[in-house]
Amino acid sequence: MLELRDVSRAAGREPVLARASLALSRETPTAIVGLSAYERDTLIRVLTGAERPQTGSIKLDGKDIAQARREKGKVVRVDAPAPPKAGQKAGKRGSVDAGDLDQKLRLAITKARGAKLIVLDAPSSGLDSEIRERFVADLKTLLSETGAVVVLVAGDADEALGLGGQVVVLNRGEIIQSGAAADVFAHPVNLKAAVATSFPVLNTLAMTARDGRGVLADGASFQPPDELRLPDEGPCTVAFHPDDMRLERAGAGCLRFVVRAAGEEVIGGRRFVRVNFANASWLTPQASSAPHAGAILNAFVERSRLMAFDATGKAIN
C-alpha cells in the first residue's frame, strides 16, 4: 500500500499536489492524469522519495518513502525510452528501429519485478504511433505481472485507459475526480476532467444557453436533443470524444452536424479527419479514404454521448 496523507508539493509556482490524500493498493493499478511534463517529473520525484513533500507524508507499506527508497530495487521509476541521437545507426525504416525502443521499455518493466513500487512517467511517449498502440494495449498485463504498487503518471489519456484500474484527475494540485477508469472516462465531473481523460483532444462547442437552446458564436442556433440538458441561461459548452463521432450514420439515435473537412491526422496509430463546424475544430475517425480539404460532409454523434458543462465547467447531465 502506498499512502499519501495531506501531501503538498509545487513545481515552480504551480501546485502539483495540494493537501492530497490517497491510498493506492497492489490490487488496483492507478493512473494519474492532468499534468504537464514538468509537473509529472516533480510528482514522480516526490512519490519515489527523491524529494520531500512540502507538507504531509508518503508511506510505502507503513514505511516512509525516503526510507523505502534506500532498499535496493524496491522503488523503481520507469521513464519513456530516450529518443535516438543525431547520427545514430538507422534501422529498416531509415531511422532507429522503433521496435527497439518498445523492447527497451518492456524490458525495464520486466526487470522491475520484485519491486514494491513502480512509478511510470508517460512510458509510451517515445514510441511511434503503431507500436505505441500495441504497447498501451499490453500495459495492464505487463504491469499486473510485477506484483508491485503501480502508479502510471500518464502523458496522454490513452495510457490511463489502457492500464485500467483507477484514475486520479489532478488540476492545480487538487484531486478533482477519482474512481474506476471506465466510470471516470464515461462520466467526467467537469470540463477539466473531460479534457484530461480524452484522447485525442476533446471535441467542444461553446455556446450561450437561451430559451432551451444554444446560440453559437456566429449566431446560429443549436437545438439540443432530449437526452442533453443545457443550463437555463448563460455560457456553456457541449462536448464529446472524437471516437463518438462518425462520418457515416451509425443508427437512428444520432445527431447530425454539417461539417467541412480540413485535413487528415495520424494520432496513436490511427487516422483521423479534422473537420470544422461553426467556430469549432473537431477530430473524427477516418472510416475509409480521407475526404479532400474543403469537402462538405455529414457527421453523426450518438446523442447519449454528448456532454454539457455550465459556465463554471461543472457537468450538467
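Criteria and cut-off values
Residues numbered from 1 in each chain as written. Predicted model: local features only at pLDDT ≥ 70, side-chain atom pairs only at ≥ 80, totals over all residues. Heavy atoms only, no water. Helix = DSSP H or I, 4+ residues; strand = E, 2+ residues; numbered from the N terminus. Buried < 20%, exposed > 50% of the residue type's maximum accessible area, 1.4 Å probe, protein only. Polar contact = N/O pair within 3.5 Å; in protein donor to acceptor, adjacent residues only side chain to side chain. Contact = heavy atoms within 4.5 Å. 1 Å grid on protein atoms, 1.4 Å probe; cavity = no way out; pocket = protein on both sides within 12 Å on 5 of 7 lines; lining within 4 Å. Points joined across faces, edges and corners; volume = space filled by probe spheres on them. Nonpolar A, V, L, I, M, F, W, Y, C, P; charged D, E, K, R; others polar.

*Asks:* Looking at this structure, I do not really get the side chain of T284. What am I missing?
*Replies:* Among the secondary structure elements, T284 is positioned in strand β18 (residues 280-285). For T284, a relative accessible area of 0% corresponds to the buried category. A distance of 3.0 Å separates a polar atom in the side chain of T284 from the backbone oxygen of M245. Contacts of T284, omitting those with residues within four sequence positions, involve P242, M245, R246, L247, F272, V273 and V275.

*Asks:* Quick question: what am I supposed to make of unusual backbone geometry here?
*Replies:* A negative phi holds for most residues other than glycine; trans holds for most peptide bonds. With an omega dihedral of -5°, the bond running from F199 to P200 counts as a cis peptide bond. Positionally, P200 belongs in the loop between α7 (191-196) and β11 (203-210). A positive phi angle, near 50°, is found at R19, a position not held by glycine. Its location among the elements puts R19 in strand β2 (residues 14-24). R19 sits in the exposed class, given a relative accessible area of 52%. The phi torsion at A278 lies on the positive side, around 50°, for a residue other than glycine. Inspection of the secondary structure puts A278 in the loop between β17 (270-277) and β18.

*Asks:* Which parts of the structure should I look at to understand the layout of surface pockets?
*Replies:* Sizing a probe to match a water molecule and rolling it over the atoms shows the empty space that remains. A volume near 720 Å³ is recorded for the largest pocket. Elements supplying a minimum of two residues to the lining of the largest pocket: α4 (129-144), α5 (157-163), α6 (181-186), β17 and β20 (307-309). Residues that form the lining of the largest pocket fall into these classes: 13 nonpolar, eight polar and nine charged. Roughly 290 Å³ of internal volume is contained in the second largest pocket. Taken together, 19 residues form the lining of the second largest pocket, with G34, G155, V195, A196 and S198 sitting closest to its centre. Elements represented by at least two residues in the lining of the second largest pocket include exactly β9 (166-171) and α7. If you tally residues by element for the lining of the second largest pocket, the top one is α7, at four residues. Grouping the amino acids of the lining of the second largest pocket by side-chain chemistry returns 13 nonpolar, four polar and two charged.

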